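Listed below, chain by chain, are the residues.
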Amino acid sequence: MPPRYPVVDPAPTMDTVTANFGFSEYGKWLCVTSLGATLGYVGGKPYRGPSAFTFALTGFIAGYMIAAQSSWGRLTGYLPNDYEVAAYGIKPPGAGPVTALSLAQKSGRLATLWGGRME
């Protein structure tokens, strides 16, 4: 199944995927970790401390995997990725090529070089 959204990185590394984490990914990671610790504590009687730690560690790993899947999906174009497309300067299909000049015009950097606004 081809991606439905513009592809930012067709084969992202784990470093790229982790660097692309946003607030929602960190929130998912924290929620799954907290849920694991809570479930381990509640269901771990009479060894609540070790059980909570073990479940929190399992939740930490699972939360990272869920967050990484979300970030990977946005980078590869399988999930909505408007922010990444804008941040990396990628245009949607059919919008023409991305060149250094088009990026500079969009950011307004040429205006400062020539002392005026470039249209």
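Refer to the preceding data block for the structure.
Residues numbered from 1 in each chain as written. Predicted model: local features only at pLDDT ≥ 70, side-chain atom pairs only at ≥ 80, totals over all residues. Heavy atoms only, no water.

Asks: Residues and numbers for the overall build of the protein chain, please.
Replies: Counting secondary structure elements, the protein chain contains six helices and zero strands. In sequence order, the protein chain lays out its α and β elements as α-α-α-α-α-α. Put simply, the protein chain has 119 residues, and 28% of those count as buried. If you sum the accessible surface of the protein chain, you get close to 8300 Å²; carbon and sulfur atoms cover 68% of it. (Helix = DSSP H or I, 4+ residues; strand = E, 2+ residues; numbered from the N terminus. Buried < 20%, exposed > 50% of the residue type's maximum accessible area, 1.4 Å probe, protein only. Areas by Shrake-Rupley, 256 points an atom, 1.4 Å probe, with all protein chains shown as cover.)

Asks: Got a sec to walk through the environment of Gln69? Specific residues and values, please.
Replies: Mapped onto the elements of the fold, Gln69 is located in helix α3 (residues 48–76). The exposed category is assigned to Gln69, whose relative accessible area is 57%.

Asks: How would you sum up the side chain of Ser51? Please name residues and give values.
Replies: Note that Ser51 resides in helix α3. Looking at Ser51, its side chain comes within polar contact range of the main-chain oxygen of Gly40, at 2.9 Å. Residue contacts for Ser51: discarding those within four places in its chain leaves Gly40 and Gly44. (Polar contact = N/O pair within 3.5 Å; in protein donor to acceptor, adjacent residues only side chain to side chain. Contact = heavy atoms within 4.5 Å.)

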